[in-house]
Amino acid sequence: MGESFPLQLDLANTQKDNRFTWSDSQVEEKLKAKYGNKTAKVIEAFREAYPKRRLADALYVDSFLRAPALKTASLKADQHAAPVYNYIFSWDTPVFNGVPMSYHTAEIAFVFNNIDKMEQATGGGKEARELAKKMSTAWVNFAKTGNPNGGDLPQWDAYTRENGNVMIFDNEIKIKQHHDAKLQRLLAPEMKF
C-alpha cells in the first residue's frame with residue numbers, strides 16, 4: 001500500500017476524510033476516477049491479492065516500486081546464481097488512526113528490530129514487536145547465510161518466475177505464489193516480468 005504518502009502530508013484533513021469515512025459510493029467513484037475502464041478488473045485482482053483489505057485500499061496499491069521489484073526479481077532469478085527472496089510489507093501502522101497504512105520504508109524499523117525507537121511511526125505495540133522480531137531474524141539469517149529461513153517464519157523458498165514466491169509480512173506472516181502479479185500487470189502494463 002505504498003502510495004499512501006500524500007495522506008501523510010495533510011494529516012489534519014485526512015483524519016476527517018479517508019478510506020474509513022468514505023461511503024461505498026464514494027469509494028466506487030474514486031476507484032473509477034483512478035482506474036477508468038480497468039476498474040472492474042483492478043477490483044477483482046485486488047480482492048484476489050488482498051482479500052482481507054478494504055476495497056478503498058485499492059486506491060493506494062503501489063505499482064511504482066512493486067512492478068519493477070517483480071521485474072528485477074524475475075531477471076535476477078533467471079540468472080540461477082544466488083537465490084532471490086521477494087517480500088511485501090503490508091502491516092498497517094496504527095498511528096494517526098491507521099490512515100498512513102503500510103507506507104514506503106515503514107518496514108525499516110522492523111528489519112532492525114528497533115520499533116520502540118520509532119513509536120511515532122509504529123505505535124510500539126505487542127503485534128509490532130512480534131513482527132519486528134520475526135523480520136529482523138530473517139534479515140540476520142540472510143546476512144549470515146544468504147538464506148532468510150529460521151525462527152518462527154513459514155518456509156521461505158526462493159523466488160522464481162515459475163513459482164512467484166513472496167513472503168507477506170503482516171500480523172499474519174505467510175508465503176504466497178504470484179500474490180499480486182495479476183494486479184501489477186493491470187497497474188503497470190508496460191512492465192514485463
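Up top is the structure these notes are about.
Remember, predicted model here, so these are calculated numbers, not experimental data. By convention here, each chain's residues receive numbers from 1 onward along its written sequence. This being a predicted model, a pLDDT of at least 70 is required before a residue's local features are given, and a value of 80 or more before pairs of side-chain atoms are given or counted; all residues contribute to the totals for chains, interfaces and linings. As a rule here, side-chain values come from all non-hydrogen atoms in the structure, and water together with hydrogens is ignored.

(A) Representation of the nonpolar core. Residues belong to one nonpolar core when they are buried, are Ala, Val, Leu, Ile, Met, Phe, Trp, Tyr or Cys, and are joined through side-chain atoms within 4.5 Å. For every residue, the accessible area (1.4 Å probe, protein chains only) is compared with the maximum for its type, and the residue is labelled buried under 20%, exposed over 50%, or partly exposed between those bounds. By size, the foremost hydrophobic cluster in this structure holds 22 residues, and its most contacted members are Trp22, Leu31, Val42, Phe46, Tyr50, Leu183 and Leu187. Starting at the N terminus, helices and strands are each numbered in turn, a helix being any DSSP run of H or I of at least four residues and a strand any DSSP run of E of at least two. The element contributing the most residues to this core is helix 4 (residues 39-49), with five residues. Whether two residues are in contact is decided by their heavy atoms: any pair within 4.5 Å suffices. When near neighbours in sequence (up to four residues on either side) are disregarded, Val42 contacts Tyr35, Leu183, Leu186 and Leu187.

(B) The arrangement of the sheet that holds strand 3 (residues 174-177) in detail. One open sheet accounts for three strands, arranged 1-2-3; its pairing is mixed. Where the open sheet ends on each side, the last strands, each with one partner, are strand 1 (87-89) and strand 3. Within the sheet, the average angular offset between the axes of one strand and its neighbour, ignoring direction, is 30°. A pair of strands counts as paired when DSSP detects no fewer than two bridges linking them. Relative to strand 2 (residues 165-169), strand 1 runs parallel, the two being bridged by three bridges. By the bridge assignment, Phe89 is partnered in strand 2 with Phe169. Only the stretch in contact is used when fitting a helix axis, every axis being a line fitted to C-alpha atoms; angles between N-to-C directions are given from 0 to 180 degrees.

(C) Highlighting helix 5 (residues 66-78). One less than the residue count of a helix, multiplied by 1.5 Å, gives the span that helix is expected to have. Under the 1.5 Å per step criterion, the end-to-end length of helix 5 is 18 Å for 13 residues, consistent within 8% with the ideal 18 Å. Buried-residue contacts for helix 5 involve strand 1, strand 2 and helix 9 (181-187). Where helix 5 ends, the next residue or the one after it, His80, has phi of about 55°, a positive value.

(D) The packing of aromatic side chains, seen in detail. Pairing of aromatic side chains requires ring centres within 6.5 Å, counting the rings of Phe and Tyr and the six-membered ring of Trp. Pairs whose planes differ by under 30 degrees are stacked, by over 60 edge-to-face, and all others tilted. All told, the structure shown has ten aromatic pairs when counted by the stated rule. Plain terms: the ring middles of Tyr85 and Trp156 are 5.7 Å apart, the flat faces sit at 80° to each other, and that makes the pair edge-to-face. Here Trp156 lies in the loop between helix 8 (126-145) and strand 2 and Tyr85 lies in the loop between helix 5 and strand 1, a separation of 71 residues in the sequence. According to the relative accessible area criterion, Trp156 is buried, its value standing at 3%.

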